[in-house]
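Examination of the molecular architecture
Read off the chains here:
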Amino acid sequence: MLVRCCRVKLSVWAALCVLVLGWFYVFPAYRLPSDKEIVEEVLGLGEAWKKNQTGIDLYRNLLTECCNPRWMFAVTKENAPIGKVLWYDGEYYYSHTVNNETYSVFVQVNQHFHVVSFGGIPRCNLPPLTKEYLEDVGNKTHLVTANPSIIEKRFQGLLWSRKAFVDYLKAYGSSFIYMPAFSMKPGTDPSLRAYYAVTDSHSNLTMLFANPDFLRNVGKFWKARGVHAKRLSTGLFLVSLALGMCDEVTVYGFWPFSIGLDGQPISHHYYDNILPGKWFHAMPEEFVQLWHLHKSGTLRVKVGSCQPQNEGS
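The rules behind these values
- Residues numbered from 1 in each chain as written.
- Predicted model: local features only at pLDDT ≥ 70, side-chain atom pairs only at ≥ 80, totals over all residues.
- Heavy atoms only, no water.
- UniProt positions renumbered as here; feature names shortened; annotations may be inferred.
- Axes fitted to C-alpha atoms, helices over the stretch in contact; angles between N-to-C directions.
- Helix = DSSP H or I, 4+ residues; strand = E, 2+ residues; numbered from the N terminus.
- Parallel < 35°, antiparallel > 145°, perpendicular 65-115°, else oblique.
- Left-handed = near helix turned anticlockwise from the far one by under 90°.
- Contact = heavy atoms within 4.5 Å.
- Nonpolar A, V, L, I, M, F, W, Y, C, P; charged D, E, K, R; others polar.
- Core = buried A, V, L, I, M, F, W, Y, C linked by side-chain atoms within 4.5 Å.
- Buried < 20%, exposed > 50% of the residue type's maximum accessible area, 1.4 Å probe, protein only.
- Domains from an automatic or database assignment.
- Pairing = 2+ DSSP bridges.
- Right-handed = clockwise from strand over helix to strand, strands pointing away.

The name given to the protein chain in an unreviewed UniProt entry is Alpha-N-acetylneuraminide alpha-2,8-sialyltransferase, with the source organism recorded as Xiphophorus couchianus. Quoted straight from UniProt, the Sequence similarities (unreviewed entry) entry for the protein chain says "Belongs to the glycosyltransferase 29 family."

This part takes up the packing of helix 3 (residues 53-67) against helix 11 (residues 234-245). A pair of packed helices can be characterised by two numbers: the angle between their axes and the separation between those axes. At their nearest, the axes of helix 3 and helix 11 sit 7 Å apart, and the two run at 110 degrees to each other. Relative to helix 11, the element helix 3 lies roughly perpendicular. In this structure, helix 3 crosses over helix 11, and the sense of that crossing is left-handed. Between helix 3 and helix 11, the contacting residues are Y59, R60, L63 and T64 on the first element and S240, L243 and G244 on the second. Of the residues in the contact of helix 3 with helix 11, the class split is three nonpolar, three polar and one charged.

A separate point is the nonpolar core. If you look at the biggest cluster of nonpolar residues, it comprises 44 residues, and the most contacted ones within it are Y178, W222, L243 and F287. Put simply, the parts of the chain that give this core at least two residues each are helix 2 (35-45), helix 3, strand 5 (176-179), helix 10 (212-223), helix 11 and helix 12 (283-296). Residue contributions to this core peak at eight residues, all from helix 11. Counting contributing residues, this core receives three or more from each of domain 1 (34-73 + 213-229 + 246-304) and domain 2 (74-210).

In this sheet, strand 6 (residues 206-209) lies alongside strand 5 in parallel orientation, the contact comprising four bridges. Considered in strand 6, the bridge of I177 is made with M207. Assessed by its sense of winding, the connection that carries the chain from strand 5 through helix 9 (residues 188-200) to strand 6 is right-handed.

All right, on to unusual backbone geometry then. Although it is not a glycine, N125 adopts a positive phi angle of roughly 60 degrees. For N125, a relative accessible area of 18% corresponds to the buried category.

See below:
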């Protein structure tokens, strides 16, 4: 009896050890640099940057193999025919089977937005492009993302009025609006209402819905490289798209720290200081990965003060 008990205890401890080792394999124990250390690192490197075509080609090939952004970036009539099951990438137990209604809102093919890969400017989460920000951020836009939560919070889910939403989008000209309609189930209906608001207003904007398979695979790609979060930021999804399609990538405004290079406090966005939910994103981890790519010449991260730009740039 004593022997059997010892074996049970040994099995329990063995299982516990395996669990702990597995945890550290998935979530490796390392200390993320502090904000101050990041600032010192960036200041130490300065403006020096040299393009590394080998690194660019490597990441384009890696992202093409895992995620195929040219084909899978958005759901289209080609990659999501009627009857296809779209599994939500943010809620693994839910899915949407493409029917006549949803099929009708998909674009025909992804080549319509390949303009983004030729000097295009994507922006995240419907940022304001009003006069007070124009000198720093310009107003030229080719693609802008919109989380369904923004539709809910800023525009009351488009349940009562669509005018404010449609008027707000005019700042983006004839851009693509990119929404993760099939990431979480509560986001599908607001995304579809946004689509109908845009199309019914005869806007020049084009609605794109993120392909959940693309988002899921990109998440796995960066998790294998040290980004551990419930969900990647929209910015890193767009950087992944660009790395998979563009000859050269420059990232502006990706600085998820509480202090700037001058040591002074800085807001989370240029237009507000609303922070993401705790544990939802791992923004500092994302920056560290992008900074490694910057130092290797695979992409360029522009930090610090912007140079004044002409209106319309």
